[in-house]
Amino acid sequence: MATETTFFSYSRTDSDFVLKLAKDLRDAGAELWLDQLDIKAGSHWDSSIEAALNNAPRLIVILSPASVSSDNVMDEVSYGLETGKTVIPVLLSQCTMPFRLRRLQHIDFTGDYQMGLNQLLEALGKTAGPNLKSKSITQERKLLQTKIADEIPDRDTTEQSGASNNFKDSRVKKGNSKKYMLLGGVVIIIALAIWAAMNLGSDKEGTELKAWNKALQQNDSSAYALYKQNFPTGTYVAQAKDKLDSIAKLTSTSLTSPIKDPIIKENNKDKNTGENESSQLVANTDISPETPQIKKDPFYAIMVAAPKTDREAKARIMMLKRNGFDADYLWIPDYASLSGAQFYAVYIGPYTTQQECEVATEEYRKKHPNAYGLLVSQDRRRVQINGIGKVKVTDTGGQ
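Reading the values: rules and limits
- Residues numbered from 1 in each chain as written.
- Predicted model: local features only at pLDDT ≥ 70, side-chain atom pairs only at ≥ 80, totals over all residues.
- Heavy atoms only, no water.
- Helix = DSSP H or I, 4+ residues; strand = E, 2+ residues; numbered from the N terminus.
- Buried < 20%, exposed > 50% of the residue type's maximum accessible area, 1.4 Å probe, protein only.
- Contact = heavy atoms within 4.5 Å.
- Patch = residues over 30% accessible without salt bridge, like charges linked within 9 Å, V, L, I, M, F, W, Y side chains within 5 Å.
- Areas by Shrake-Rupley, 256 points an atom, 1.4 Å probe, with all protein chains shown as cover.
- Salt bridge = Lys/Arg side-chain N within 4 Å of Asp/Glu carboxyl O.
- Core = buried A, V, L, I, M, F, W, Y, C linked by side-chain atoms within 4.5 Å.
- Axes fitted to C-alpha atoms, helices over the stretch in contact; angles between N-to-C directions.
- Parallel < 35°, antiparallel > 145°, perpendicular 65-115°, else oblique.
- Left-handed = near helix turned anticlockwise from the far one by under 90°.
- Polar contact = N/O pair within 3.5 Å; in protein donor to acceptor, adjacent residues only side chain to side chain.
- Pairing = 2+ DSSP bridges.
- Right-handed = clockwise from strand over helix to strand, strands pointing away.
- Nonpolar A, V, L, I, M, F, W, Y, C, P; charged D, E, K, R; others polar.
- Expected span 1.5 Å × (residues − 1).
- Phe/Tyr/Trp six-rings, centres within 6.5 Å; stacked < 30°, edge-to-face > 60°.

Enquirer: Teacher, can you tell me more about the environment of Leu21 here?
Expert: Assignment of secondary structure puts Leu21 in helix α1 (residues 15–27). Take Leu21: its relative accessible area is 0%, and that puts it in the buried class. Sequence separation of Leu21 and Leu120 is 99 residues, and the distance between their C-alpha atoms is 10.0 Å. When near neighbours in sequence (up to four residues on either side) are disregarded, Leu21 contacts Phe8, Ile62, Phe109, Tyr113, Leu117 and Leu120.

Enquirer: Help me out: how do you make sense of a nonpolar patch on the surface in this one?
Expert: Taken together, the side chains of Leu182, Val186, Ile190 and Ile194 define a hydrophobic patch exposed on the protein surface, amounting to about 380 Å² of accessible area. Residue position: Val186 is located in helix α9 (residues 164–218).

Enquirer: Whenever I open this one, the nonpolar core confuses me. Can you help?
Expert: Taken as a class, soluble globular proteins show a tendency for nonpolar side chains to be buried jointly. If you look at the biggest cluster of nonpolar residues, it comprises 23 residues, and the most contacted ones within it are Phe8, Leu21, Leu25, Ile60, Ile62, Phe109 and Leu120. Elements with a contribution of two residues or more to this core: α1, β3 (58–63), β4 (86–91) and α6 (113–123). With 5 residues, α1 is the single largest residue contributor to this core. When residues no more than four places from it in sequence are discounted, the contact partners of Phe109 are Phe17, Leu21, Val90, Leu91, Leu92, Gly116, Leu117 and Leu120. Grouped together as the second largest cluster of nonpolar side chains are 21 residues, Phe7, Leu63, Val77 and Met318 included.

Enquirer: Can you help me understand the packing of helix α3 (residues 45–55) against helix α12 (residues 310–322) in this one?
Expert: The packing of two helices is summarised by the inter-axis angle and the distance between the axes. Relative to each other, α3 and α12 sit at 140 degrees, their axes nearing to 10 Å. Overall, the two elements α3 and α12 adopt an arrangement that is oblique. Taken as a pair, α3 and α12 cross one another with a handedness that is right-handed. Every residue of α12 that contacts α3 at Asp46, Ile49, Glu50, Leu53 and Asn54 is listed here: Ala315, Arg316, Met318, Met319 and Arg322.

Enquirer: Looking at this model, I keep getting lost on the side chain of Glu76. Mind explaining?
Expert: Position of Glu76 relative to the elements: it lies in helix α5 (residues 71–82). Residue class for Glu76 comes out buried when judged on its relative accessible area of 2%. There is a polar contact of 2.5 Å between the side chain of Glu76 and the side chain of Ser9. Not counting residues within four places of it along the chain, the set of residues in contact with Glu76 comprises Phe7, Ser9, Ile49, Leu53, Leu59, Met318 and Arg322.

Enquirer: Explanation requested: unusual backbone geometry in the structure shown.
Expert: Outside of glycine, negative phi angles account for most residues, and trans bonds account for most peptide bonds. Looking along the chain, the bond that leaves Gly349 and enters Pro350 is cis, with omega of 0 degrees. Its place among the elements puts Pro350 in strand β10 (residues 343–351).

Enquirer: Help me understand the environment of Gln94 in this model?
Expert: Tracing the sequence through the fold places Gln94 in the loop between β4 and β5 (107–108). Judged by its relative accessible area of 58%, Gln94 is exposed. Remark: the alpha-carbon pair of Gln94 and Asp108, spanning 14 residues in sequence, is separated by 9.7 Å. Once you skip the residues sitting within four places of it in the chain, Gln94 turns out to touch Pro65 and Thr110.

Enquirer: Would you explain the pairing of strand β1 (residues 6–9) in this entry?
Expert: Side-chain positions along a regular strand alternate between the two faces of the sheet. Burial along β1 is two-sided: Thr6 and Phe8 facing one way and Phe7 and Ser9 facing the other are all buried. Two strands pair when backbone bridges link them, and β1 and strand β2 (residues 32–33) are joined in this way by 2 bridges, in the parallel orientation. Paired with Phe7 across the bridge in β2 is Trp33. Of the crossover connections in this fold, the one passing from β1 over α1 to the parallel β2 is right-handed. By the bridge criterion, 4 bridges tie β1 to β3 in an arrangement that is parallel.

Enquirer: Quick question: what am I supposed to make of the packing of α1 against α6 here?
Expert: In contact at an axis separation of 11 Å, α1 and α6 are set at 55 degrees when each is read in the N-to-C sense. Taken as axis vectors, α1 and α6 run oblique relative to one another. Between α1 and α6 lies a crossing of right-handed hand. Facing Phe17, Lys20, Leu21, Asp24 and Leu25 of α1, the residues of α6 in contact are Tyr113, Leu117, Leu120 and Leu121. Within the contact of α1 with α6, the residues separate by chemical class into 7 nonpolar, no polar and 2 charged.

Enquirer: I'm lost on the side chain of Ser67 in this one. Help?
Expert: As for its placement among the helices and strands, Ser67 is situated in helix α4 (residues 65–68). Overall, Ser67 belongs to the buried group, its relative accessible area being 0%. For Ser67, the side chain forms a polar contact with the main-chain oxygen of Ile62, separated by 2.7 Å. The residues touching Ser67, leaving out its near neighbours within four places in the chain, are Ser11, Asp14, Ile62, Val73 and Met74.

Enquirer: What's the story with α5 in this structure? I'm lost.
Expert: Because an α-helix completes one turn every 3.6 residues, residues spaced three or four positions apart along the sequence face the same direction. Taking 1.5 Å of rise per residue, the 12 residues of α5 would be expected to cover 16 Å, and the 16 Å separating its terminal C-alpha atoms lies within 8% of that figure. For α5, the full list of buried residues reads Val73, Met74, Glu76, Val77, Ser78, Tyr79 and Gly80. Of the residues one or two after α5, Gly84 is the one with positive phi, at around 80 degrees.

Enquirer: Whenever I open this one, the packing of aromatic side chains confuses me. Can you help?
Expert: A complete count under the given rule lists 12 aromatic pairs for this structure. Seen from their ring centres, Tyr227 and Tyr236 are 6.4 Å apart, and the 55 degrees between their planes marks the pair as tilted. Both rings, one in Tyr329 and one in Tyr344, keep their centres 5.8 Å apart while their planes meet at 55 degrees; by these two values the pair is tilted. Residue Tyr329 is found in strand β9 (residues 327–332), and its partner Tyr344 is found in strand β10; the two are separated by 15 residues along the sequence.

Keep in mind these values describe shape, not function.
See the structure below:
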């Protein structure tokens with residue numbers, strides 16, 4: 001039976017902690033994958049991470065202020081949750097817990113490292129090795145010795161104390177106990193108040209962040225307008241306004257509609273039934289024939305992969321974005337200039353001119369020679385671009 005591997009998701013800011021934790025876990029027999037340790041020389045960084053994430057049934061995410069603000073880490077967490085992987089949050093330092101992880105039991109490393117390590121090993125079905133156990137036992141003995149030393153009075157002082165002082169000491173102890181109880185009650189009340197304030201604030205922040213991410217995913221004027229309506233004083237109001245202004249400018253330059261809208265729909269006539277149906281290119285799998293159809297201008301893009309499922313497409317997009325590319329994908333049910341194949345075409349772009357696409361394709365093909373630029377349109381031409389000046393135009397016959 002194959003050994004299950006655990007994928008590490010983290011921010012490079014936390015590398016020192018992650019490398020130490022990975023060593024201790026491996027010393028205890030845990031199988032795990034860490035990019036800094038397991039990517040072989042000469043391998044493609046993005047494809048290696050993608051393969052490891054796809055193959056690992058379990059994911060450890062290190063939570064810190066740096067990681068929760070990292071798009072790459074949050075993309076990996078979202079992919080893990082969406083694909084049914086076991087996600088184990090590890091709290092390295094205090095931060096705003098991502099909304100999608102709040103229902104999951106986390107392991108706290110903000111205090112005792114050894115205690116957190118033991119809990120994590122238990123979650124992975126492992127136990128601490130001899131060296132780790134001996135360190136833990138030594139720490140526990142030191143704590144116990146300190147506690148005993150604090151509780152046992154000094155022998156010389158005890159022998160010199162007369163019986164007459166016993167009653168006085170007991171009264172002092174009772175008075176101190178009451179003070180400690182009162183002080184403890186005040187501390188608990190203050191802690192509860194702080195906890196309530198932090199959680200109410202974080203819940204609101206999490207709801208707003210979720211709404212903003214949804215608006216970015218939908219990427220149209222209605223989504224940004226809805227965000228502004230629900231969060232008039234929100235963190236991303238200025239960005240939403242900029243998005244709306246940009247869409248408005250694109251709309252004014254065309255009699256049809258914006259070029260870079262992620263949803264591209266055209267009317268096609270079914271060859272067998274003669275009925276009109278919607279042929280769509282979309283960035284998700286929610287395909288509704290009742291959605292109003294919008295005519296779009298053509299655009300250019302670099303085609304880098306043709307996955308058979310949207311899950312594969314999303315994984316490839318995540319890795320491309322991790323490397324700084326503006327990537328997306330199209331569902332192609334019956335698109336004339338793309339040979340009519342049914343698949344998910346992952347692309348980088350879009351580009352508004354052929355020259356832009358030629359330059360970008362030339363650069364990208366230095367590392368990925370199978371990629372090519374393409375004119376995405378409904379006309380009879382198929383324009384394939386393999387670099388600057390390397391353009392092949394063929395007539396597909398149209399529909």
